[in-house]
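Chain by chain, the residues run as shown.
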Amino acid sequence: MKLKLIAPKCNVTQATNCFPPYVLAVLAGLTPSDIQVSIQDENIEKIDYDEQVDLVGITVIVQTANNAFRIADEYRRRGITVFMGGIFPEACPEQCLEHADSVVLSEVEEIWEDILEDFKSGTYKKVYKAENRPEIKGLPLPRHDLLKNKKGYLTNNLIMTSKGCINRCEFCSAGKHWQGQVKTKDIEDIIAEIKLLDMNEPILFIDDNLIWNPEYAKSLFRSIIPLRIKWVCCGACVDSIEDIELVELAKQSGCISTLLGFETINERALKKSRKGFNKVEKYKNTIDLFHSVGIAVQGTFIFGLDEDNTESFKTTVKFIEDSELDMVTFNLLYPYPGTPFRERLKRENRLIEDKNEWENFSYKHLMFHPKNMSYEELCENFEWISKRLASKKLCAKRIYEAVLNNRAPEHVFHQNINLRKHVAAMYGGEWE
Ligand code: SF4
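What follows concerns the packing of helix α8 (residues 187-194) against helix α9 (residues 214-224). Two numbers describe how α8 lies on α9: the axes approach to 10 Å, and their chain directions differ by 45°. Taken together, α8 and α9 sit at an angle that is classed as oblique. The handedness of the crossing between α8 and α9 comes out as right-handed. The residues of α9 that touch α8, namely those facing Ile187, Ile190, Ile191 and Ile194, are Tyr216, Ser219, Leu220, Ser223 and Ile224. Per-class residue counts for the contact of α8 with α9 are seven nonpolar, two polar and no charged.

Structure, rendered in structure tokens:
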């Protein structure tokens, strides 16, 4: 049997965030060797509909939903069976079943072989759902060989050491999906997987929260010191980071940069979003702690929380400038399907629904009525802050500081340039 796994094109490929579909490499790794498996990613290559395959699996998030439907429709028109999985089918299974023969509504590690057997024998079910969250220890390694030679990504060098998040922030689809649980890989498996990557280039650790368990993180960091790699942490919670030993071990094991999910500098907004574990008064100390060992910091922010008003944009810019963050990422708040935030908006009659809704998850469309400002005020202020944070002056300053203090200068340079590209893609034109 020939199985093709597909990542559809994102509505807007965020210039700061174009990575290979790791989840498909994981599935390919779990696939029995008598099944021939390939991966196509529409973000960097054309889907080859003429290639002979028996079964197509499509991973779907909200930003890829419409493209997933188009791809699925075309394969089914050609008589090929299609199934979908991922966070979007879990939230909107019926809509996916209008385009796919089958949907997988859970993680698949423990049921993957059964699913494939069913497809082989033509006895597949419409809906698959594992009863429990599977362990991820001792599994076959992801098929990095299927991603390694693809061109067009910011990097092909990435790994996930854990799945899940212990928190359940109101707006986050990860919080809903993982139900407060985290599963970790064995450290030996992580080391074996790192050895499949290019150890001369920085490796991205794409966990939702790499340091959710500080003691586990310390063991991991100690174990990878001998590998002498450089690595970037793509997700960490601000509540976990007061531990100097943890930060020093991260540095010793090769960490050059970390992303921290600040989201907002408004305590009330954090509490209302069930993210009260972030303590605004600790933000600056946390950034200083990483800087003290030479690790660069990327802060993430969202705008449009209920407690935000037009003043929030100015105070956030001031915080970002004063705190000497090396990189910033920011987004409008989005009502992701299945999240408590979306349900609350519906109850409060504030959700803006239209038939092209999934198309609008594209980084600059506001999809609900804000609480403490008008729709227009939020959009205008978001454009203002996007351009301000991606201004030549602020990007140059961040790069200069990173070079001066030897904080991952190359990484900081690329991230700031990509930020400018991202804002240019959103709003076009030139700005200061
Ligand atoms: S926002 Fe971060 S901390 Fe909150 S649920 Fe999502 S991944 Fe977890």
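A few words now on the site of the ligand. Near the ligand the following residues occur: Cys165, Asn167, Cys169, Cys172, Gly175, Cys237, Lys275 and Phe277. Looking at the shell around the ligand residue by residue, the class counts come to five nonpolar, two polar and one charged.

A few words on the pairing of strand β4 (residues 81-85). Counting buried positions over the five residues of β4 gives five, a clear majority of the element. Side chains of β4 alternate between two faces, with Thr81, Phe83 and Gly85 and Val82 and Met84 buried alike. Relative to β4, strand β3 (residues 55-59) runs parallel, the two sharing five bridges. Directly across from valine 56, in β4, lies its bridge partner valine 82. The pairing of β4 with strand β5 (residues 102-104) spans three bridges and is parallel. Paired with phenylalanine 83 across the strands is serine 102, a residue of β5.

By the definition in use, this model includes 22 aromatic pairs. Judged by centre distance (4.8 Å) and plane angle (25°), the rings of phenylalanine 119 and tyrosine 124 are stacked. A residue is classified by how much of its surface remains accessible, and phenylalanine 119, at 9% relative accessible area, is buried. What makes tyrosine 124 partly exposed here is its relative accessible area of 31%. Between the aromatic rings of phenylalanine 303 and phenylalanine 382, the centroid separation amounts to 6.1 Å while the plane-to-plane angle is 55°, which identifies the pairing as tilted. Here phenylalanine 382 lies in helix α15 (residues 375-389) and phenylalanine 303 lies in strand β13 (residues 296-303), a separation of 79 residues in the sequence. Across the pair, phenylalanine 382 and phenylalanine 303 agree in class, each one buried.

Thresholds applied
Residues numbered from 1 in each chain as written. Predicted model: local features only at pLDDT ≥ 70, side-chain atom pairs only at ≥ 80, totals over all residues. Heavy atoms only, no water. Axes fitted to C-alpha atoms, helices over the stretch in contact; angles between N-to-C directions. Helix = DSSP H or I, 4+ residues; strand = E, 2+ residues; numbered from the N terminus. Parallel < 35°, antiparallel > 145°, perpendicular 65-115°, else oblique. Left-handed = near helix turned anticlockwise from the far one by under 90°. Contact = heavy atoms within 4.5 Å. Nonpolar A, V, L, I, M, F, W, Y, C, P; charged D, E, K, R; others polar. Near = heavy atom within 4 Å. Buried < 20%, exposed > 50% of the residue type's maximum accessible area, 1.4 Å probe, protein only. Pairing = 2+ DSSP bridges. Phe/Tyr/Trp six-rings, centres within 6.5 Å; stacked < 30°, edge-to-face > 60°.

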